[in-house]
Amino acid sequence: MEDTVGGWWDVLIRKAAYRGYPAAAVQLEEMERLAPVFFRAMGGEPGLHLRSTVGTEHAGRRTWLERVAGTNTSVELAWSDERSLYLPGRIDLFPDRTRNQQLYLWLLALSAEHAQLMQECMPPPGWLESNRLATLRCLHRMPGMALLYAGLVRDYLPLRGDPASLPPAQQAIEQILRDTLRDPGHAPEARAVVGLESRLQGITPVPLWMHPAPPAQAAPAGRGGDEAANREAEEHQQDSQEARKRRYRAQRVTPDERKNGPLLIFRAESIFTWDNYLRMNRNEDDEDMGDLRAAEDMDHLVVTRDTRRRASRVKFDLDLPSAEADDIPVGPGMPLPEWNYKTGTLVPGHCLLKPMRPRDASPVPLPEPLRETARRLRRQFQALAPQRSRRFARPEGQDLDLDRVVRFFTDMRAGQADSGEGLYVEMPRSQRSLACLLLADVSLSTEAWVGRGEHASTVISVIRDSLMLFAEALQASGDSFGLYGFSSLKRKEVRYLLLKDFGEPYDAAARGRIAALRPGYYTRMGAAIRQSTRILREQPAHKRLLLLVTDGKPNDLDHYEGRYGVEDTREAVREAREAGLVPFCVTIDREAAEYLPHLFGAHHYVVVHDATRLPQVLTRLYAALSQ
């Protein structure tokens, strides 16, 4: 009974103490389609991803009801780093839902200007001055935002409470903040803002501005640099939708190696509050990742390194197989450039691409399960094949023009024959003048299983079937095409698999090379696209289509991950377009909508949510793109 009454009281007191307006709340998910477009239109960096921030503790004053309820201890504020833009996951500051949506738009516009300002100014200005200047620049460059901003300030200032209730020192700071919000063009006195960031005790945070102290990324420290453990944590976070979108405050501590921890005989997950780091000896299961999942419930993490490592955290770089078991190299390899977005330059010869043929590739017929689908596709694509046209009354041709012959002999008997009239029918074959290169990602992730029940299969098996059916369809259409695959193991081992070159026929030998495909390593996408551009650019066709089939983002073991890999791939796609190609991406990555518009454009990619339907989607897509 006590627990029940306590639960009712907790719900009641929290609801009474809450300052927001839940009925007018706007979720970040509702803005996900508009926000990236609006942010880039406002001049924001197009490579940044949209994420929800995490609440951070603030030093503002709380009402007695909030102190009783234990609420309003943290606030979600906007901030950004070199990879992502972080916005509140939910805004219910105003009783008007439209005003809450406008606050999201204002934060997007302010974030774009604030990021540019912090890069241009050395040393960067403090919190108050940077937000004032960013607001001023935003209103100057986008005058249409002035009315929106004025409405936000007008409705927000009454929510900050009565300044007269504050102590004199806090009243002065509060007045500076209010004056700056009302008139960002008026700079406060320099002496009044010296050390302002350290004097915010008792001051309510400003949700219209950027974060005064954004959560810093934990830098590698300690002994040994356990990169494997870091990758394990990152991989676990990628398994959770919330983990991909959440940010944590972290504090790094150094354990005392002179002391051994006490024995912990119970599971710490039963403790509701975690505070400081305490070294403990506890039973651990190598397969148990519960500690990482439990961390998702925490806003503040304490991070440290000790001398112990779990077996599952000892990970090694993938080793290349022996020459006898590896794919067969074709030539010594070729150096390719790579785009460094930080310097804005194309680094020449940074990668080494190695053309290869799959080993143990013996000629094979088309697999029995694919034959009926292949027959249907051949009939459909034969309609795209060039058809012969007839040209009458030609001086030369493959057949006689019977009408002209009869007329000629009739006129000859009448003494009116014209010897210059053509008596033949010419039947030239019309040309579509189209070449297509299909580039398949065969990285290690293609070992994953997709589908359910009798339709379950690995991604690499779906890719093999897709390549075979795609080739059967294009052979029926008469279009020129080539099939290639790729994976990588750092920049000096970009493996480019030659399945069917443009000059080769599609026969049992080509099917054997497709059947011998197996999962490779990682996904250095930029180098593979550049090589495909070179090959396709040499084809004598009016329209040249570059199709990329992948299951994830660009990544590799070295620095080729995150924004670096994305920007290099984007530059490679831009180079392909400049060469006159039509690049298009087909992916089974359900999160692709976050980054593919930045890479290929809003209308040059498609996401296949059911990977087992990839063969059908691929052939239908080609039929549409080749028109």
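Reading the values: the criteria
Residues numbered from 1 in each chain as written. Predicted model: local features only at pLDDT ≥ 70, side-chain atom pairs only at ≥ 80, totals over all residues. Heavy atoms only, no water. Helix = DSSP H or I, 4+ residues; strand = E, 2+ residues; numbered from the N terminus. Buried < 20%, exposed > 50% of the residue type's maximum accessible area, 1.4 Å probe, protein only. Contact = heavy atoms within 4.5 Å. Areas by Shrake-Rupley, 256 points an atom, 1.4 Å probe, with all protein chains shown as cover. Polar contact = N/O pair within 3.5 Å; in protein donor to acceptor, adjacent residues only side chain to side chain. Core = buried A, V, L, I, M, F, W, Y, C linked by side-chain atoms within 4.5 Å. Pairing = 2+ DSSP bridges. Axes fitted to C-alpha atoms, helices over the stretch in contact; angles between N-to-C directions. Parallel < 35°, antiparallel > 145°, perpendicular 65-115°, else oblique. Left-handed = near helix turned anticlockwise from the far one by under 90°. Nonpolar A, V, L, I, M, F, W, Y, C, P; charged D, E, K, R; others polar. Salt bridge = Lys/Arg side-chain N within 4 Å of Asp/Glu carboxyl O. Patch = residues over 30% accessible without salt bridge, like charges linked within 9 Å, V, L, I, M, F, W, Y side chains within 5 Å. Lys, Arg positive; Asp, Glu negative; His and termini not counted. Charge placed at Lys NZ, Arg CZ, Asp CG, Glu CD. Phe/Tyr/Trp six-rings, centres within 6.5 Å; stacked < 30°, edge-to-face > 60°.

**Some points on the overall build of the protein chain**
- Within the protein chain, the secondary structure is distributed over 19 helices and 23 strands.
- In the protein chain, which comprises 627 residues, the share counted as buried stands at 45%.
- Look at the contacts in the protein chain between residues 6 or more apart in sequence, and 74% of them connect residues 24 or more apart.
- When the accessible surface of the protein chain is summed, it comes to about 33400 Å², and 53% of that surface belongs to carbon and sulfur atoms.

**Quick word on the side chain of aspartate 558**
- For aspartate 558, the location among the structural elements is in the loop between β21 (543–550) and α17 (562–578).
- For aspartate 558, a relative accessible area of 19% corresponds to the buried category.
- A polar atom in the side chain of aspartate 558 sits 3.1 Å from the side chain of arginine 524.
- When sequence neighbours within four positions are dropped, the list of residues in contact with aspartate 558 reads Lys490, Arg491 and Arg524.

**Details of the nonpolar core**
- With 48 residues, the main nonpolar core has Leu87, Trp106, Leu208 and Trp209 as its most contacted residues.
- Listed by contribution, the elements that provide at least two residues to this core are α2 (34–41), β6 (84–87), α4 (97–120), α5 (127–141), α6 (145–156) and α7 (168–182).
- Per-element accounting of this core gives the leading share, 10 residues, to α4.
- Among all residues touching leucine 87, those that are not within four sequence positions of it are Leu28, Leu50, Arg51, Ser52, Thr53, Ala78, Tyr104, Leu107, Leu108 and Ser111.
- Cys436, Val450, Ala611 and Leu625 belong to the second largest nonpolar core, which has 46 residues in total.

**As for the sheet that holds strand β2 (residues 49–52)**
- The sheet built from 3 strands is open, its strands ordered β2-β6-β5 with mixed pairing. Of all strands in the sheet, those with a lone pairing partner are β2 and β5 (79–80), marking the two edges.
- Relative to β6, β2 is paired through 4 bridges, and the arrangement is parallel. What sits directly across from leucine 50, in β6, is leucine 85.
- In the packing of α4 onto the sheet, the strands contacted are β5 and β6, and the crossing angle to β6 comes to about 140°.

**Concerning the packing of helix α14 (residues 459–477) against helix α15 (residues 508–515)**
- Axis separation between α14 and α15 bottoms out at 9 Å; the angle between their running directions is 160°. Between α14 and α15, the angle is such that the two are roughly antiparallel. Two packed elements cross with a definite hand, and for α14 against α15 that hand is right-handed. In contact with Arg464, Leu467, Met468 and Glu472 of α14, α15 contributes Arg511, Ile514 and Ala515.
- For the contact of α14 with α15, a count of residues per class yields 4 nonpolar, no polar and 3 charged.

**As for the pattern of salt bridges**
- Tallied over the entire structure, the rule returns 32 salt bridges.
- The salt bridge involving arginine 518 is made with aspartate 327; its shortest N-O contact spans 3.4 Å. Of this pair, arginine 518 sits in the loop between α15 and α16 (525–537) while aspartate 327 sits in the loop between β9 (300–303) and β10 (328–329), and the two are 191 residues apart along the sequence.
- The class of arginine 518 is partly exposed, set by a relative accessible area of 39%.
- Looking at aspartate 327, the relative accessible area reads 10%, which means it is buried.
- Salt bridges here are not isolated pairs; linked through shared partners, they connect Glu113, Glu120, Arg137 and Arg141.

**Describing the side chain of glutamate 571**
- Inspection of the secondary structure puts glutamate 571 in helix α17.
- According to the relative accessible area criterion, glutamate 571 is buried, its value standing at 12%.
- Looking at glutamate 571, its side chain comes within polar contact range of the side chain of arginine 574, at 2.5 Å.
- Setting aside residues up to four positions removed in sequence, glutamate 571 forms contacts with Trp339 and Arg530.

**Considerations on the pairing of strand β11 (residues 334–340)**
- Counting buried residues in β11 gives 5 out of 7 residues, a clear majority hidden from the surface.
- In the sheet, β11 pairs with strand β12 (residues 345–357) via 6 bridges, with the strands oriented antiparallel. In the strand pairing of β12, asparagine 340 is matched with threonine 345.
- The turn joining β11 and β12, which pair antiparallel and follow one another in sequence, is formed by 4 residues; a positive phi near 70° is taken by glycine 344.

**Overview of a positive patch on the surface**
- Taken together, Arg376, Arg379, Arg613 and Arg620 make up a surface patch of like positive charges.
- When you line up the elements, arginine 613 lands in the loop between β23 (605–607) and α19 (614–625).
- Residue classification places arginine 613 among the partly exposed residues on the basis of a relative accessible area of 37%.

**Observations concerning the packing of aromatic side chains**
- Applying the stated criterion across every chain yields a total of 9 aromatic pairs.
- Relative to tyrosine 506, the ring of phenylalanine 481 has its centre 6.4 Å away and its plane inclined at 55°; by these criteria the two rings are tilted. Within this pair, whereas phenylalanine 481 is found in strand β19 (residues 480–488), its partner tyrosine 506 is found in the loop between β20 (494–500) and α15, the two being separated by 25 residues in sequence.
- On the basis of relative accessibility, which here comes to 4%, the residue phenylalanine 481 falls in the buried class.
- When the ring of tyrosine 484 is compared with that of tyrosine 496, the centres are 5.3 Å apart and the planes differ by 25°; the resulting orientation is stacked. With tyrosine 484 in strand β19 and tyrosine 496 in strand β20, this residue pair connects regions lying 12 residues apart in the sequence.

**Looking at the packing of α6 against α7**
- The interhelical angle for the contact between α6 and α7, taken along N-to-C directions, is 150°, at an axis separation of 10 Å. Classified by the interaxial angle, the pair formed by α6 and α7 is roughly antiparallel. Residues Tyr149, Val153 and Tyr156 of α6 form the contact with α7, whose own contacting residues are Thr180, Leu181 and Arg182.
- Class assignment of the residues belonging to the contact of α6 with α7 gives a composition of 4 nonpolar, 1 polar and 1 charged.

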